[in-house]
Amino acid sequence: MKVKKSTLIQIAILILFVGIIEPTAFIGTPLHLICGALRTMAFLVSILLYLREKIYKELNENLMILFVILLGISSQVYSKELTADYVYFAKNAFSVIVLGHYMIKRQPRKFCMMIGGILSLWLLIDAFTWQIPGLGGKPGDVAFSCFLGTKTTITYYLVPALAFDYTLLMSSKRTRRFFPRLLLIMAILGTAIYLLQCPISTTIVCLALQVLCMVLVYTKSFIIKYAIKYGFLVTSILNILLVGGGTLGLLDYIMVNILGESSDLDGRRQIWTMVLAKFSRRPLMGYGMGSDIIFDVWQKNNASTHNYYLSILIYGGIVAIVVYFLLIALFYKRNRLYLNNCISQFLMLTLVIMNLEGIAENYGFNEMTICFWVLIANVKSLYDLQVSERGR
């Protein structure tokens, strides 16, 4: 049986993506070395593809690459070197952008299947393999280990996973929706099982909101167009109010009485005050990724701002956050013509949910979020595929 060249290429790219989206549990095992080799290979292949496919002419991808480069410039200016954290992120981000572009332009559905399949599988494994040391141990940041890293990182996988799985489901023919449904169930069920054992407020909120959005899109609720049009702006204003010290009694009530969190978001407001003080000293370009800047409130040597906007400001300053907002504007522009379609509706609502998540977590500097950016920026490829299939 002769295998098509295109199929072999897709299998090779799938293997490279498995190396790029490596779960933390692989560290310290031979699998980590294999994934490291795959990441290096993916980066080299991406450089060749970037030139061969003339991706340097594409606005979508190059704005994302510019965002990544700016963080590197900030790292070089402040630390006088490209830190290990930045190099790891930059290589993976570039590989995802280029390989993702290559796949979504040719096989957008296969791209969704690849990324959705990897993320959903990792979520399912994570649900059944996390460990609590000792009998009757209470889950906590230090008390147990996870397949995906810490308990916080599960949200970083969940939100993009549901976006890819839902896109695959709704772009597939009705007779070929078994596998997409299976992936969607794996992601939702795996996360739900995990949350039954160890409730995490951020993950619960994101999961509930994404499932709610699926229902709203399915029922064609009038709420959708307003949520898409104003959701990102409203969540951004809410972020600014919280970081700026706004008390918002209703939000405090929800956090304390419904989510069971402290009114200061478990010390996050203290961290944000420290972050703003640091930012005021280098507002234009920030400090770069992986620098020696720490915000020690409840964890020793904590380098996380626990807020996505503040992370961008610390890593790349005002320049980086301007480019980030240009990216958001580009995503809205690319989806404007398709907002009556369920796929674009759900992807844009997911973007709003990510922005809401960014109030409490630094979610954006990982391969999964970059994969989502590639998908939402190139949604036209999915619709072109559907139109061509109808014309056959």
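In this text the structure is predicted, and so the values were computed from the model without any measurement.

(A) Quick peek at the overall build of the chain. The number of helices and strands found in the chain is 15 helices and zero strands. Burial status across the chain gives 53% buried among its 392 residues. For the chain, the share of sequence-separated contacts (at least 6 apart) that also reach a separation of at least 24 residues comes to 75%. Just so you have it, the chain exposes about 18400 Å², and 67% of that area is on carbon and sulfur atoms.

(B) Quick peek at the nonpolar core. Grouped together as the largest cluster of nonpolar side chains are 122 residues, with contacts concentrated most on Phe-17, Ile-21, Phe-67, Tyr-324 and Trp-373. The dominant element in this core, judged by the number of residues it contributes, is helix H12 (residues 308-335), at 15 residues. Residues contacting Ile-21, with those up to four places away along its chain left out, are Ile-115, Ile-118, Leu-119, Trp-122, Tyr-157, Glu-367, Met-368 and Cys-371.

(C) Looking closely at the pattern of salt bridges. According to the stated counting rule, one finds four salt bridges in the structure shown. Between Arg-39 and Glu-22 there is a salt bridge; the shortest N-O distance is 2.6 Å. Taken as a pair, Arg-39 in helix H2 (residues 30-52) and Glu-22 in the loop between helix H1 (5-20) and H2 lie far apart in primary sequence, 17 residues in all. Judged by its relative accessible area of 8%, Glu-22 falls in the buried class. One salt bridge in this structure joins Arg-106 and Glu-53, with 2.6 Å as the shortest N-O distance. One end of the pair, Arg-106, is in helix H4 (residues 84-106); the other, Glu-53, is in the loop between H2 and helix H3 (59-79), and 53 residues separate them in sequence. Counted as one network, the salt bridges with shared partners bring together Arg-52, Glu-53 and Arg-106.

(D) How the structure looks around helix H6 (residues 154-171). Here H6 contains 18 residues, and its C-alpha end-to-end distance of 26 Å stays within 8% of the 26 Å for a straight helix at 1.5 Å per residue. In terms of burial, H6 is a largely internal element, 17 of the 18 residues being buried.

(E) Main features of the side chain of Ser-311. Turning to its location among the elements, Ser-311 is positioned in helix H12. Not counting residues up to four positions away in its chain, the partners in contact with Ser-311 are Thr-305, Asn-362 and Phe-365.

(F) The arrangement of a nonpolar patch on the surface in detail. Where nonpolar side chains cluster on the molecular surface, the patch consists of Phe-222, Ile-223, Tyr-226, Tyr-230 and Val-234 and spans about 530 Å² of accessible area. Locating Tyr-226 in the fold gives a position in helix H9 (residues 223-243). The exposure class of Tyr-226 is partly exposed, given its relative accessible area of 43%.

(G) Highlighting the side chain of Ser-381. Among the secondary structure elements, Ser-381 is positioned in helix H15 (residues 379-390). At a separation of 3.4 Å, a polar atom in the side chain of Ser-381 contacts the main-chain carbonyl oxygen of Ile-104. In this structure Ser-381 touches Ile-104, Lys-105 and Pro-108, once residues within four positions along its chain are discounted.

(H) Geometry of the packing of H9 against H12. It is the contact of H9 with H12, at a shortest axis distance of 13 Å, that shows an interaxial angle of 165°. With respect to each other, H9 and H12 are oriented roughly antiparallel. Considering the relative orientation of H9 and H12, their crossing is left-handed. Counting all contacts with H9, which are made through Ile-228, Phe-232, Ser-236, Asn-239 and Val-243, the residues of H12 involved are Tyr-309, Leu-310, Tyr-324, Phe-325, Ile-328 and Tyr-332. Looking at the contact of H9 with H12 residue by residue, the class counts come to nine nonpolar, two polar and no charged.

Cut-offs applied
Residues numbered from 1 in each chain as written. Predicted model: local features only at pLDDT ≥ 70, side-chain atom pairs only at ≥ 80, totals over all residues. Heavy atoms only, no water. Helix = DSSP H or I, 4+ residues; strand = E, 2+ residues; numbered from the N terminus. Buried < 20%, exposed > 50% of the residue type's maximum accessible area, 1.4 Å probe, protein only. Contact = heavy atoms within 4.5 Å. Areas by Shrake-Rupley, 256 points an atom, 1.4 Å probe, with all protein chains shown as cover. Core = buried A, V, L, I, M, F, W, Y, C linked by side-chain atoms within 4.5 Å. Salt bridge = Lys/Arg side-chain N within 4 Å of Asp/Glu carboxyl O. Expected span 1.5 Å × (residues − 1). Patch = residues over 30% accessible without salt bridge, like charges linked within 9 Å, V, L, I, M, F, W, Y side chains within 5 Å. Polar contact = N/O pair within 3.5 Å; in protein donor to acceptor, adjacent residues only side chain to side chain. Axes fitted to C-alpha atoms, helices over the stretch in contact; angles between N-to-C directions. Parallel < 35°, antiparallel > 145°, perpendicular 65-115°, else oblique. Left-handed = near helix turned anticlockwise from the far one by under 90°. Nonpolar A, V, L, I, M, F, W, Y, C, P; charged D, E, K, R; others polar.

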